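Topology and contacts: notes
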Amino acid sequence: MKLGDVSVAFVELMRLAMSRLGHDATPMLQQFQLDDLKLASPDARISIPRFMRLGHACIEVSDKPWLGLEMGRQTKAPHLGLAGLLAMSAPNVRISCQALATYELLSSFNARGRSQFKLEQGCGVASFYSVSPYNAYNLFVVDSVLCGWYRFLQWVTGRTDLVKRIEFEFSAPSYVDEYQGYFQCPVHFEATRNAVVLHEWALEIPSLHACASTYEALRRSAERELEHVRLGLSYRETVARAIGPLLDGNTPTLEQVAHRLNTAPWTLRRRLSAEGHSFQEVLNTTRRDLAVSYVRDTTLTLGEIAFLLGFGSATAFQRAFKRWTGEAPGRFREEKRRSYISTASSTSSS
């Protein structure tokens, strides 16, 4: 299991934001082997770790750590794919937000969690999951998503007063003053989630682009695409995807995973058995695959990775990792990093 991937439409958005900030992203795109042909493909994806490295490279070149905020400012419906077009044509803000959350999978997949939209004391709350702790590689991702939702709702309704507050899990970054230019509402750092909180009255505000027939046509198309994605998964893969978000400082039980899949524990066990698998096997494989991805593709410490995967200690995680791969995680990371740097250098020189 990989950490996840996103549509290349988000790379297009990054290139647009770089242009607005006065920089050409072409050299970075070439370094990551992203040409116009690949960016024009509706099926092309980029892994989340690779996307984060690309964003970090753009930030280093531009010296604009608030790149994600500018990506959010430039966000329009096409950048969010079918979900964005559906949300644009929805009758009101509430249904628009529900569409963005429900069909997010069509343009992005995160093995550890997904966006949600729910009501809290009458207020609409759109929340975004991101792996913590935060660093220079993932701050811009959260910035881009929350600012993107904020600007999208402004663009859809023509209103600037819909949002009650913005909440960020991380501490105020070095570029904290930039947030004032992107949000016309209170911004709270060190919150318990990453979220856009809407005023209670904002949910029924109509969309300027609402069209009932177009909305229904797009909804049917989105449902077919979502079903196509689901049908392409084996039951083992479905269970693995349910395990990922539950690996957050704990080891999930069969009952917890069954509850997440809205099925009975014995049904989950029987369906896995029919494919030749057991729950414990899928759990171990999921942890192993995520462990390899975290060590290879992120800058998280081994202790942080151990916690994220439900291990009692970093030592226990290191023993398990060596059993899985034959190498200590520190050595494995260093070898993969040297290999990546070598590949990037050869690509740049050619």
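Up top is the structure these notes are about.
Read on for a plain summary of the structure. (Residues numbered from 1 in each chain as written. Predicted model: local features only at pLDDT ≥ 70, side-chain atom pairs only at ≥ 80, totals over all residues. Heavy atoms only, no water.)

**Topic: the nonpolar core**
Judged by nonpolar contacts, the single largest core of 76 residues is most densely connected at Phe51, Leu54, Leu67, Ile166, Phe183 and Leu198. A total of 12 residues in this core trace back to one element, the largest contributor, which is helix 8 (residues 139-157). If we skip the residues at most four places from it in the chain, Leu67 touches Met14, Ala17, Met18, Leu21, Gly55, Cys58 and Ile59. Membership of the second largest hydrophobic core comes to 32 residues, among which are Phe109, Ile243, Val295 and Ile305. (Core = buried A, V, L, I, M, F, W, Y, C linked by side-chain atoms within 4.5 Å. Buried < 20%, exposed > 50% of the residue type's maximum accessible area, 1.4 Å probe, protein only. Helix = DSSP H or I, 4+ residues; strand = E, 2+ residues; numbered from the N terminus. Contact = heavy atoms within 4.5 Å.)

**Let's talk about the layout of surface pockets**
Counted as a void, the second largest pocket has a volume near 890 Å³. Taken together, 34 residues form the lining of the second largest pocket, with Asp5, Arg45, Leu105, Leu106 and Val229 sitting closest to its centre. Among the secondary structure elements, those contributing two or more residues to the lining of the second largest pocket are strand 1 (4-7), strand 2 (45-47), helix 6 (81-89), helix 10 (212-231), helix 11 (235-246) and helix 14 (279-297). No other element matches the four residues that helix 11 contributes to the lining of the second largest pocket. (1 Å grid on protein atoms, 1.4 Å probe; cavity = no way out; pocket = protein on both sides within 12 Å on 5 of 7 lines; lining within 4 Å. Points joined across faces, edges and corners; volume = space filled by probe spheres on them.)

**Observations regarding the pairing of strand 4 (residues 116-120)**
Alignment of strand 4 against strand 5 (residues 123-128), held across five bridges, turns out to be antiparallel. Its bridge partner being in strand 5, Gln116 is matched across the sheet by Ser127. (Pairing = 2+ DSSP bridges.)

**What about helix 16 (residues 314-325)?**
Residues spaced three or four apart along an α-helix point in a common direction, a consequence of the helix completing one turn every 3.6 residues. With 12 residues, helix 16 should reach 16 Å at 1.5 Å per residue; the first-to-last C-alpha distance of 16 Å fits that figure. Residues of helix 16 that are buried: Phe317, Ala320 and Phe321. Take helix 16 and look down its axis: the buried residues cluster within an arc of 100°, on one side only. In helix 16, the exposed positions angled more than 90 degrees off the buried face are occupied by Arg319 and Arg323. One or two residues past the end of helix 16 sits Gly326, with phi positive at roughly 85°. (Expected span 1.5 Å × (residues − 1). Arc of directions from axis to C-beta.)

**A word on empty space enclosed by the protein**
According to the stated counting rule, one finds two cavities of 30 Å³ or more in the structure shown. Taken as a whole, the largest cavity holds about 40 Å³ of empty space. In terms of lining residues, the largest cavity is bounded by Cys97, Leu100, Ala101, Phe117, Ala126 and Trp149. For the lining of the largest cavity, the leading source of residues is helix 7 (residues 93-102), giving three residues. A per-class count over the lining of the largest cavity returns six nonpolar, no polar and no charged. The computed volume of the second largest cavity comes to approximately 30 Å³. Contributing to the lining of the second largest cavity are Tyr150, Leu153, Gln154, Arg159, Thr160, Asp161, Leu162 and Val163. Looking at the lining of the second largest cavity element by element, the count peaks at three residues for helix 8. A breakdown of the residues in the lining of the second largest cavity according to their chemical character gives four nonpolar, two polar and two charged. (Nonpolar A, V, L, I, M, F, W, Y, C, P; charged D, E, K, R; others polar.)

**Notes on the pattern of salt bridges**
Taken as a whole and judged by the stated rule, the model has 16 salt bridges. Close ionic contact of Glu70 with Arg73 constitutes a salt bridge, the shortest N to O distance being 3.5 Å. Within this pair, Glu70 and its partner Arg73 are both found in helix 5 (residues 67-73), separated by three residues, close to a single helical turn. Owing to a relative accessible area of 4%, Glu70 belongs among the buried residues under this scheme. The salt bridge partner of Asp289 is Arg288, with a shortest N-O separation of 3.0 Å. Where salt bridges share partners, they join Lys118, Glu120, Arg165, Glu167 and Arg193 into one cluster. (Salt bridge = Lys/Arg side-chain N within 4 Å of Asp/Glu carboxyl O.)

Read these as spatial facts, not as claims about activity.
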